[in-house]
Amino acid sequence: MQNHFSLLHRSSERAGILDYCKENGIAFFAYMVLEQGALTGRYNETHPFPAGTGRGDAYNPHLKELSALIEELSVIGTRFNASPAQVATAWAISKGALPIIGVTKVKQVGEAAQAAQITLTAEEIRRLEKLGDETGVHTLREWEKEML
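In this text the structure is predicted, and so the values were computed from the model without any measurement.

Side note on a nonpolar patch on the surface
Move 1: Where nonpolar side chains cluster on the molecular surface, the patch consists of Met 1, Tyr 20 and Ile 26 and spans about 290 Å² of accessible area.
Move 2: With respect to the helices and strands, the residue Ile 26 is situated in the loop between α2 (17-23) and β2 (29-31).

Concerning the sheet that holds strand β1 (residues 2-4)
Move 1: The 3 strands lie next to each other as β1-β2-β3, forming an open sheet whose pairing is parallel. Looking along the sheet, the strands with just one partner apiece sit at the ends: β1 and β3 (98-99).

Structural notes on the packing of aromatic side chains
Move 1: Under the counting rule described, the total for this entry stands at 4 aromatic pairs.
Move 2: Between Phe 5 and Phe 28 the ring centres are 5.7 Å apart and the planes differ by 80 degrees, which places this aromatic pair in the edge-to-face class. Here the residue Phe 5 occupies a position in the loop between β1 and α1 (11-14), and Phe 28 occupies one in the loop between α2 and β2, the gap between them amounting to 23 residues.
Move 3: Among the residues examined, Phe 5 registers a relative accessible area of 0% and is labelled buried.
Move 4: Overall, the relative accessible area of 1% leaves Phe 28 in the buried class.
Move 5: A centroid spacing of 4.9 Å and a plane angle of 25 degrees characterise the contact between Phe 5 and Trp 91, whose relative ring orientation is stacked. Pair noted here: Phe 5 is in the loop between β1 and α1 and Trp 91 is in helix α5 (residues 84-94), with a separation of 86 residues, a long-range link.
Move 6: Three or more aromatic residues joined by ring pairs form one cluster here, namely Phe 5, Phe 28 and Trp 91.

Points about the nonpolar core
Considering soluble globular proteins, one finds that nonpolar side chains tend to be buried as a cluster.
Move 1: Ranked by internal contacts, the top residues of the largest apolar core, which has 37 residues, are Leu 7, Phe 28, Leu 69, Leu 73, Trp 91, Leu 120 and Leu 128.
Move 2: The contacts of Leu 69, once residues within four sequence positions are left out, are Leu 7, Leu 8, Leu 39, Leu 128, Leu 131, Gly 132 and Thr 135.

Calculation criteria
- Residues numbered from 1 in each chain as written.
- Predicted model: local features only at pLDDT ≥ 70, side-chain atom pairs only at ≥ 80, totals over all residues.
- Heavy atoms only, no water.
- Patch = residues over 30% accessible without salt bridge, like charges linked within 9 Å, V, L, I, M, F, W, Y side chains within 5 Å.
- Areas by Shrake-Rupley, 256 points an atom, 1.4 Å probe, with all protein chains shown as cover.
- Salt bridge = Lys/Arg side-chain N within 4 Å of Asp/Glu carboxyl O.
- Helix = DSSP H or I, 4+ residues; strand = E, 2+ residues; numbered from the N terminus.
- Pairing = 2+ DSSP bridges.
- Phe/Tyr/Trp six-rings, centres within 6.5 Å; stacked < 30°, edge-to-face > 60°.
- Buried < 20%, exposed > 50% of the residue type's maximum accessible area, 1.4 Å probe, protein only.
- Core = buried A, V, L, I, M, F, W, Y, C linked by side-chain atoms within 4.5 Å.
- Contact = heavy atoms within 4.5 Å.

In structure tokens form, the structure reads like this:
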């Protein structure tokens, strides 16, 4: 199974698809775990995505709403000497997903692999999910359907 799954888009979990996959030995591959870089900590209101790009159009209007979530990803990351991207990836792994991570640099491959060594507490997972929900940012793309 392969679905969009991130701290901003958890409909596969809410619809029971993730649990169904776990219960039936079906691998669940998660794409958009980092929301095209929006959850990496690299972009914020003072350093947005390039204007006039798909990512800029999709995420720049929401960078303020994402700031508390990204800050918490950073805070949790300090415990592991990890980046926000690694914590967001570790969250997906903690949910039983196999993240599909797009990389553009060799070092990102190692960073993604290191995320698998991060074990988040139940409280950290709860805080991240609460902040993700509180953003009010919906990242469903035109080709995707909400899971029911």
